[in-house]
Each structure stands twice: as C-alpha cells, then as structure tokens.
Amino acid sequence: PQAFLKFSDNAIIAPYQEGIAFMLRMVPYKNNYLSNAEVKLMLAMSVEEDGKKMNKFFPLQLELNKVNALNLSWTIVHPVNEKSPLFGMTMADLSACSAEIMVFVEAFDDLFSNTVLARTSYIGSEIIRGAKFAPMYHQSGTGDKTVLELDKLNELIPADIGDAFPEK
C-alpha cells in the first residue's frame, strides 16, 4: 500500500498567531480516503559538545498532529516559541548545523484497508523565510462542492515576519 501524499517542495517560516511558525503542506493526490492521519516532525542537527561533533534529534511539537480525515490539504504547523528547539535560530544557523526536519505521516487507507506511511524532509536551503501558503481549494460554481487545486500545492505568498528568524 502507498499513501499517495504529496508534500510541498518547500517548508516555510510564516506568521502565526502573535509570532512565527515552521510550516509545510501536504495533500492526498488520488481519490483515496485517508483516516486517522497522524504526523510527527523531528529536527536533526549536528552540534558540538565537549569538542566533539554529535548528531542530536529533537521532536517538534505541533499545533495539531492528528486529523480524523485527510481529504483536502493539511498545513502542518510547529509554533516557533520558547519551547521550540528552533527558537532564537537564524536561517544561517540552520545551514551551519546541517539541520534537517524530518516528516513522518501514518494514516489508514480505506481502499487498501491498511495503514500507509509517507515521509519527507527539509534541509535549510528548502525552508523559505517570510512566506505563506496560498489557498488551494475553493467552492465550485454551484457552491455544492469543494474543488482542490493540486497545482497550487507549492504556491507561496510573501509574508512579513519582521525580524523574527533572521537570515543571519
């Protein structure tokens, strides 16, 4: 069984509530019904401790990590606040520590009657600062259906995040 999920080419650092958040977007691209979808994010980075380079892993807390049904797009949101390992970092820091944010998705596919898995990751050069995802669905002309535009998965809109998560 295959999950038939597409992930955005880039993750973003975007405005969120009173601050910023790390976000990515995913969407099912076949007419399958995914239920009980759960996502986990893990930050992997190289750090120096006691003069030795080590790889460290940090789970990223999400605004919402589980949905009952995944039939439209889902924007995954990790608030970058005092509790986040990304807090206080810059875009240059992401590159310097070889940061990679790994994404793991598990869901139940009714068509296969089985659990399906999908994964991807984002490195520093794949994270865009100061952007928002453009809406990718709208109501049909008659208003009785929602139309999902898969070609808008990667469409971004510039967004002002001030001096949060600076370049350097």
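You'll find the structure just up there.
Presented here is a report on the structure given in the accompanying data block. Model, not experiment: these values are computed from the prediction.

**Considerations on the nonpolar core**
Stage number 1. In this structure, Phe22, Leu24, Leu41, Leu86 and Ile127 are the most contacted members of the largest nonpolar core, which totals 39 residues.
Stage number 2. At 7 residues, the largest contribution of residues to this core is made by strand β4 (residues 34–49).
Stage number 3. In this view, Leu24 contacts Phe7, Ser8, Ala11, Leu41, Trp74, Thr75, Ile76, Val103, Tyr122 and Phe133; residues no more than four positions away in its chain are not counted.
Stage number 4. Of all hydrophobic cores here, the second largest spans 8 residues; its members include Tyr16, Ala21, Ala131 and Phe133.

**Things to note about the pattern of salt bridges**
Stage number 1. Within the structure shown, the criterion is met by 2 salt bridges.
Stage number 2. Of the charged contacts in the structure, one is a salt bridge between Lys56 and Glu49, with a shortest N-O distance of 3.1 Å.
Stage number 3. Judged by relative accessible area, Lys56 falls into the partly exposed class, the value being 26%.
Stage number 4. For Glu49, a relative accessible area of 32% puts it in the partly exposed group.

**A closer look at the pairing of strand β8 (residues 100–109)**
Stage number 1. Sheet topology places β4 next to β8; 9 bridges connect them, and they run antiparallel. Among the inter-strand pairings, Val39 is bridged to a residue of β8, identified as Val105.
Stage number 2. Sheet topology note: the β8/strand β9 (residues 114–123) ladder contains 10 bridges and is antiparallel. Counted as the bridge partner of Ala107 is Val116 from β9.
Stage number 3. The loop that links β8 with its antiparallel partner β9 comprises 4 residues; one of these, Ser113, has a positive phi angle of about 50°.

About the thresholds
Per chain, the residues get numbers from 1 upward, laid out in the order the sequence is written. At least 70 in pLDDT is required for a residue's local features to be given in this predicted model, at least 80 for side-chain atom pairs to be given and counted, and no such filter applies to totals for whole chains, interfaces and linings, which use all residues. Each side-chain value is worked out from all heavy atoms of the structure, with water and hydrogens disregarded. Buried Ala, Val, Leu, Ile, Met, Phe, Trp, Tyr and Cys residues form a nonpolar core when they are joined through side-chain atoms within 4.5 Å. Per-residue accessibility, obtained with a 1.4 Å probe over protein chains only, is compared with the maximum for each type, and a residue is labelled buried under 20%, exposed over 50%, and partly exposed between these values. The way it works is that DSSP assigns letters per residue, a run of H or I at least four long becomes a helix, a run of E at least two long becomes a strand, and they are numbered from the N terminus. Here, residues are in contact when the closest pair of their heavy atoms is within 4.5 Å. For this analysis, a salt bridge means a side-chain nitrogen from Lys or Arg found within 4 Å of a carboxyl oxygen belonging to Asp or Glu. Any two strands with at least two DSSP bridges between them are considered paired.

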